[in-house]
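What the coordinates show
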Amino acid sequence: MRHVISLLIENESGALSRVSGLFSARGYNIESLTVAPTEDASLSRMTIVTTGSDDIIEQINKQLNKLVEVVKVVDISESAHIERELLLIKVRATGKDREEMKRMADIFRGRIIDATDTSYVIEMTGNQQKLDSFVAAIDRSLILETVRSGVVGVGRGERVLKV
Amino acid sequence: MVLTGAEIVVRCLQEEKVEYVFGYPGGAVLFLYDELFKQDQVRHVLVRHEQAAVHAADGYARCTDRVGVALVTSGPGATNAVTGIATAYCDSIPLVIISGQVPTAAIGQDAFQEVDTVGITRPCVKHNYLVKDVRDIASTIRKAFYLAASGRPGPVLVDIPKDVCVQKCEFEYPREITMRSYNPVVKGHLGQIRKALQLLLEAERPMIYTGGGVILSDAAEKLTKLARLLGFPVTSTLMGLGGYPASDRQFVGMLGMHGTYEANMGMHYSDVLLAVGARFDDRVIGDPAHFGQEPRKIIHIDIDPSSISKRVKVDVPIVGNVADVLDELIRQVESGSARPKQEALDTWWKQIDEWRRRECLKYKNSDEIIKPQYVVEKLWEVTGGDAFVTSDVGQHQMWAAQYYKFEKPRRWLNSGGLGTMGVGLPYAMGAQLAHPGSPVACITGEASIQMCIQELSTCKQFRLPIKIVNLNNRYLGMVRQWQELFHGGRYSESYMDSLPDFAKLAEAYGHVGIRVDAPSDVEGALQEAFKRKNELVFLDFQVDQTENVYPMVQGGKGLTEMILSAEDL
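Residues numbered from 1 in each chain as written. Chains lettered and ligands numbered in written order. Predicted model: local features only at pLDDT ≥ 70, side-chain atom pairs only at ≥ 80, totals over all residues.

1. Here's the deal with the domain arrangement of chain B
Residue and element names in this part refer to chain B. Let me state the cut-off plainly: Domain delimitation in this document rests on an assignment produced automatically or drawn from a domain database. Throughout, a pair of residues is in contact if the C-beta atoms placed from their backbones lie within 7 Å. Three residue categories are used. Nonpolar comprises Ala, Val, Leu, Ile, Met, Phe, Trp, Tyr, Cys and Pro, charged comprises Asp, Glu, Lys and Arg, and polar comprises the others, including Gly.
Split by domain assignment, chain B resolves into domain 1 (2–170), domain 2 (190–356) and domain 3 (372–549). Taken together, the contact pairs 13 residues of domain 2 with 13 residues of domain 3. Here the residues of the side of domain 2 that touches domain 3 are counted per class, giving 8 nonpolar, 5 polar and no charged.

As structure tokens, this is what we get:
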């Protein structure tokens, strides 16, 4: 099962490697991992997308909590939540493809944020499936470069991850 | 008061009432050593290899309730320390390791004797720090001691660059430590404890299964009290020995790969299992699927939530300090009127006694050749069962665990989790320094002892009258045993040729060496050794090369699938 784990960790050097090291040492999967400081500069928030049986997810939660610098861990995918990912994709945009690419970006509510005679950079946010669908929908041979941020997420309503 | 970084480090150690620092100097820690030189409150023990510094600090911690401290230099000093750190980590031993680092400006420049110590040690410490600012030294060392000793204990490393040692700042040792990210649970959940007690009182075939957590939380007395209140059988892991008196009728012996028949059978066929500070590891329960075949309810007390339901699903988890939880359990038993089901318990004890009658630890003694088990039995007799006993890793370790009957906690020091050969002698050093007047024996083998034999020199310098009991079978005994049983008798690289004359070697270091060949000389030699109260005596027992450790559960097999003796093969 796929899980989205959010955690708050002391914003200290080496904190990221403690988390990534834990996953590799214990053989847990990381589908994506993102990290950035929060409004409180002493804390970073990390979002980890992982897969595993219930037992493994339970262990991941416990092991993360055991790390001395981890302040709080929440499996946000356990209840209603929102996930977003950012995609920047550079595509070939010449001739008839140019118009078609713009149309596809519009359909998926993407924005063209850079354009040259021959290329576009399209910015798009959404959940993983949406971005996957867009990448699948355009002509593969036109893709010059893709970059994705990995998933970030937040619980719906009053559910808050805070110190 | 304005002090240099090096002065601050030493002041911090004094504030923590550190008795001994085990270490080895080098370029990056010169300023620290200079400050150690100028005072005499914290005593430094100069080892001959950094691995032994950490092992000795670890041994010191195991037989006291104190944090062990080691000091090593950067680069190779730190890498040599890694085995010691990992050993302590696997057995949850509280240590603070201070390592020197190249100056901050040189970090990342591939400087002389530079390694990423924090990176290398990260997977085998409870936590570690690189201190880049002199103003952080005091609070970091305070945190290190707090982290090492609280919650599930473990080693904490503090890496200090050379230039930080000469920077100056105002020194004040922080009294209080609060860490928002670290708040170990100590008291167990009352509701869970009530649930546990209910299960225990309904049990028909109960077993109390205890581990190193009992020792670490100094809960031996409480465990004994609870077990006697309930009248339940008690078994222990290798790490828990001494947590319950071995001579007590309720003690069924060590369990696991080389556990007793009655302990393993009792564990497997129990209907309610109370696990206390133990973690169901592979050497203890064998194949978890086989263990799960028998239905039973499991209560698990552990301070580390991640140890609970890791290998075996647990019915009543109780996160908390073993001593506190046992206290509460005792309180609830004593304040309530309900008592265990005596009739069922009597039947269960009958069954256990029947298993006991197999006398699984019986061995055939000989008049011609020394049996290793016999040496351990005699050591137990000669020391009145009250020595601090360390061991290395292998057959001799298992014989020590099986035949030296530990009555008290913190008397048995060995590497259970990592299984590090070479720990025996440095552990004995730590134990002897912590308990200067007490007998300390290091049960070892001719292979293990050679992994830290250079420490005979340290023992001379610090006049440590350790008794080394070398069970010399000229083989890597446990490897040879597995090769005999599971690899068609192909003894690949397990025979050691060209061994030194250990008695002479000991003498070369300035100690007493005695070689013992005949069974009739075993007791006399041991008595002679312990009579020499001020000397290290190296007893080199030439033992039966073919002796195997039984009972044995083959790796990956179930607990009840024991080989009880050579006849079972």
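2. Observations concerning the sheet that holds strand β9 (residues 206–210) of chain B
All names here are of chain B. Rules: At least two bridges found by DSSP between two strands are what make those strands a pair. Runs of E in the DSSP output that reach at least two residues are strands. Runs of H or I that reach at least four are helices, and both are numbered from the N terminus. Axis geometry follows a simple rule: fit a line to the C-alpha atoms, using only the stretch in contact for helices, then measure angles between N-to-C directions, giving values from 0 to 180 degrees.
Read across the open sheet, the 6 strands follow the order β11-β10-β9-β12-β13-β14; overall the sheet is parallel. Of all the strands in the sheet, the pair left with one neighbour each is β11 (251–254) and β14 (316–319). Across the sheet, the axes of successive neighbouring strands diverge by a mean angle of 15°, strand direction being ignored. Where β9 and strand β10 (residues 234–236) come together, 3 bridges link them in parallel fashion. When the bridges of β10 are listed, Thr210 appears paired with Ser236.

3. Side note on the interface of chain A and chain B
Frequently, the measure chosen for interface size is the accessible area removed from exposure when the parts meet. Taken residue by residue, the interface counts 16 residues in chain A and 14 residues in chain B. Looking at the side of chain A that touches chain B, the elements that each hand over two or more residues are α1 (15–25), α2 (54–66) and β4 (70–75) of chain A. Of all the elements, α2 of chain A adds the most residues to the side of chain A that touches chain B, at 5 residues. By residue class, the composition of the side of chain A that touches chain B is 5 nonpolar, 5 polar and 6 charged.

4. Observations regarding the packing of helix α3 (residues 50–62) of chain B against helix α4 (residues 76–90) of chain B
For any two helices packed against each other, one specifies the crossing angle of their axes together with the interaxial distance. Residues and elements named next belong to chain B. In plain terms, the rule: Working definition: roughly parallel below 35 degrees, roughly antiparallel above 145 degrees, roughly perpendicular at 65 to 115 degrees, and oblique for all remaining angles. Each crossing is labelled by how the near helix is turned from the far one, with a counterclockwise turn of less than a right angle marking it left-handed and a clockwise turn marking it right-handed.
It is at 7 Å that the axes of α3 and α4 come closest, and there the two elements cross at 30°. When the interaxial angle is binned, α3 and α4 end up roughly parallel. As α3 runs across α4, the sense of the crossing is right-handed. Touching Glu50, Gln51, Ala53, Val54, His55 and Asp58 of α3 are Gly77, Asn80, Ala81, Thr83, Gly84, Ile85, Thr87 and Ala88, all from α4.

5. What to know about the sheet that holds strand β2 (residues 20–23) of chain B
Residue and element names in this part refer to chain B. Pairing is parallel in the open sheet, where 6 strands are placed in the order β3-β2-β4-β5-β7-β6. Edge strands, defined here as strands with exactly one partner in the open sheet, are β3 (43–46) and β6 (127–130). Averaged over neighbouring strand pairs, the angle between their axes works out to 20° when direction is ignored. Note that β2 and β3 share 4 bridges and pair parallel.

6. Quick notes on helix α6 (residues 137–149) of chain B
Since there are 3.6 residues in each turn of an α-helix, residues three or four apart along the chain are aligned in direction. Residues and elements named next belong to chain B. Applied cut-off: Multiplying 1.5 Å by the helix residue count minus one yields the expected span of that helix. The exposure label follows from counting other C-beta atoms within 10 Å of a residue's C-beta, where the C-beta atoms are placed from the backbone and the thresholds are 20 or more for buried and 12 or fewer for exposed, leaving partly exposed in between.
In this model, α6 (13 residues) spans 19 Å end to end at C-alpha, consistent with the 18 Å of a helix rising 1.5 Å per residue. Within α6, the full set of buried residues consists of Ile137, Ala138, Thr140, Ile141, Lys143, Ala144, Phe145, Leu147 and Ala148. Those residues of α6 hidden inside the fold are in contact with α1 (5–15), β5 (95–101), β6 and β7 (155–161).

7. As for the pairing of strand β7 (residues 119–126) of chain A
Where a strand is regular, its side chains alternate between the two sheet faces. All names here are of chain A. Taken together, the 8 bridges between strand β5 (residues 81–92) and β7 define a ladder with antiparallel strand orientation. Across the sheet, residue Leu88 finds its bridge partner in β7, namely Glu123. In the sheet, strand β6 (residues 111–115) pairs with β7 via 4 bridges, with the strands oriented antiparallel. What sits directly across from Ile112, in β7, is Ile122. Connecting β6 to the antiparallel partner β7 that follows it, the hairpin turn spans 3 residues.

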